[in-house]
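# Structural description and commentary
Letter by letter, the chains look like this.
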Amino acid sequence: MKTSAQKIFLFGVMILITLMFGKYSQGEMDSDTNIKEDKIKLSPAALEETVLEAVQALEEKQEERRVETSNALKTEEEAVLEVLTEEKSIQQEESLAPNFSAAIVSVSNLNSRDVFFQSEDAKRWPMASITKLMTAVVAFKKIEQSAVIEVTPKSFEFLEEEVSKIKVGEQYSRDDLIEIMLGTSSNEAAEVIANFYGREKFLEEMNLQANEWGLSNTHFKDPTGISVSNQSSASDLREMATRIYSENPTIFEITRRAKVDVRELVSKKVYSFTSNNTFTARKDFFGGKTGYTDEAQQNLLSIFKYDNQPILIIVLGTADRFEQTENLFNWYKNIYLR
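Residues numbered from 1 in each chain as written. Predicted model: local features only at pLDDT ≥ 70, side-chain atom pairs only at ≥ 80, totals over all residues. Heavy atoms only, no water.

### Thoughts on the layout of surface pockets
Sizing a probe to match a water molecule and rolling it over the atoms shows the empty space that remains. For the largest pocket, the calculated volume is near 340 Å³. Forming the boundary of the largest pocket are 17 residues, of which S129, N187, I226, Y292 and T293 lie nearest the centre. Looking at the lining of the largest pocket element by element, the count peaks at 4 residues for strand β9 (residues 285-293). Of the residues in the lining of the largest pocket, the class split is 2 nonpolar, 9 polar and 6 charged. (1 Å grid on protein atoms, 1.4 Å probe; cavity = no way out; pocket = protein on both sides within 12 Å on 5 of 7 lines; lining within 4 Å. Points joined across faces, edges and corners; volume = space filled by probe spheres on them. Helix = DSSP H or I, 4+ residues; strand = E, 2+ residues; numbered from the N terminus. Nonpolar A, V, L, I, M, F, W, Y, C, P; charged D, E, K, R; others polar.)

Right, here's the structure in full:
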């Protein structure tokens, strides 16, 4: 026969076990209170072992809950940290972006073809006189170097009234006309070259060359860039500049001269023409081409040599092409090579 103290202690242990493992319903606990004394045969050692097992099970359960809570908090912390890291990365990228005021810009390396920054890269835009780079490509390719080209009235048919750099009746070599065209952005020289070859045929060759180079956003309507239909994109102009740089670098070499001297073949007079590109005074300027029409605003394609690499900067549709180009070049030097 168990003492009252033993029965009370045993009853408490049974309730504890019931609460931990959910094995007993309230009704079962009530039934357990009626267990007859002669059925309770636990020895003190067995009772102690039961209590220890119950305590151990409780501690294990508490540890499981602690681990689950810790993991849940850790997961929440990781999620918050991931969001904060992403926001910080976006802020850093925004802080690294250059300030510019132009419709389209691009900064890239002509050798590696790495694009460091671009805005509206595929958007088509009037090229204006950047067109003359392709005019030079076709002239070198399709007209013999020995050709003597005369300035005819037909060469002025598509031009508005302006002060002409060359006169009707004058004769020039192919290379001298290309130098006048590129060095001073002469519309007359571009038209003289195209008319000598056959204007429509020449324009066809310009567009065929664009197709051959994969310039899908590029189209030429005239050899000067006056027409708003002469359009391209920053991505196409990058490819065009890359091809010219590697296949006919003479074109860019001409554009970096502060002035060009040419000889008129009839009078034998030598004429000097000054470039309209203010970057020609810089030692790091490798070449490029200006452009302007009312529709295009100011355009500029420029190549600078920096750390022995050709850095191409394209600015289209701006009020100050030289300032914007300078800003983008300084940004490149400060951000990527510091």
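And the narrative resumes.
### So, helix α5 (residues 174-184)
Here α5 lies mainly inside the structure; 10 of its 11 residues are buried. Of the residues making up α5, those classed as buried are R174, D176, L177, I178, E179, I180, M181, L182, G183 and T184. Once α5 ends, the next one or two residues include S185, with phi positive near 55°. (Buried < 20%, exposed > 50% of the residue type's maximum accessible area, 1.4 Å probe, protein only.)

### Quick look at the side chain of S155
Residue position: S155 is located in the loop between β4 (148-150) and β5 (171-173). Excluding its chain neighbours within four sequence positions, the residues that come into contact with S155 are E191, V192 and N195. (Contact = heavy atoms within 4.5 Å.)

### Quick notes on the sheet that holds strand β1 (residues 104-109)
With respect to topology, 5 strands assemble into an open sheet ordered β2-β1-β11-β10-β9, the strand pairing being antiparallel. At either end of the open sheet lies a strand with only one pairing partner, and these are β2 (115-119) and β9. If you compare each strand with its neighbour and ignore which way they point, the axes differ by 5° on average. Here strand β10 (residues 297-306) pairs with strand β11 (residues 309-318) via 8 bridges, running antiparallel. Opposite Q298, over in β11, you have T318 as the bridge partner. Set on the sheet, helix α8 (residues 234-247) makes contact with β1, β2, β9, β10 and β11; between it and β11 the angle comes to about 140°. Contacts from helix α10 (residues 321-336) reach β1, β2, β9, β10 and β11, with the element oriented near 35° to β10. (Pairing = 2+ DSSP bridges. Axes fitted to C-alpha atoms, helices over the stretch in contact; angles between N-to-C directions.)

### Examining the pattern of salt bridges
With the rule as written, the count across this model stands at 12 salt bridges. Notably, a salt bridge pairs E191 with R199, separated by 2.9 Å at the nearest N-O pair. With respect to class, E191 is no different from R199; both count as buried. Close ionic contact of E239 with R243 constitutes a salt bridge, the shortest N to O distance being 2.8 Å. (Salt bridge = Lys/Arg side-chain N within 4 Å of Asp/Glu carboxyl O.)

### Examining the nonpolar core
Membership of the largest hydrophobic core comes to 55 residues, with the highest contact counts inside it found for L133, M134, M240, F252 and L301. If you tally residues by element for this core, the top one is helix α4 (residues 132-142), at 7 residues. Not counting chain neighbours up to four residues away, the residues in contact with L301 comprise I130, L133, L237, A241, F252, G287, G288, K289, L312, I313 and I314. (Core = buried A, V, L, I, M, F, W, Y, C linked by side-chain atoms within 4.5 Å.)

### Here's the deal with the packing of aromatic side chains
Scanning the entire structure with this criterion turns up 12 aromatic pairs. Ring geometry for F100 against F117: centres 5.7 Å apart, planes inclined by 65°, an arrangement best described as edge-to-face. Of this pair, F100 sits in the loop between α3 (44-96) and β1 while F117 sits in strand β2, and the two are 17 residues apart along the sequence. Looking at F100, the relative accessible area reads 29%, which means it is partly exposed. The exposure class assigned to F117 is buried, which follows from its relative accessible area of 18%. Pairing F279 with F304 gives two aromatic rings, centres 5.3 Å apart and planes at 75°, and the pair type is edge-to-face. In this pair, F279 is assigned in the loop between β8 (270-274) and β9 and F304 in strand β10, connecting sequence segments 25 residues apart. The class for F279 is buried, based on a relative accessible area of 4%. Among the aromatic residues, ring-to-ring pairing joins F116, F279, F285, F304, Y306, F322, F329 and Y332 into one connected group. For R199, the ring lying beneath its charged end belongs to F158, and the centroid distance is 3.7 Å. (Phe/Tyr/Trp six-rings, centres within 6.5 Å; stacked < 30°, edge-to-face > 60°. Lys NZ or Arg CZ within 6 Å of the ring centre and 35° of its normal.)

### A word on helix α6 (residues 187-197)
Most of α6 is tucked away: 9 of the 11 residues are buried. Among the residues of α6, those classed as buried are N187, E188, A189, A190, E191, V192, I193, A194 and N195. Contact partners of the buried residues in α6: α4, β4, α5 and α7 (199-212). Following α6 by one or two positions, G198 has its phi on the positive side, about 115°.

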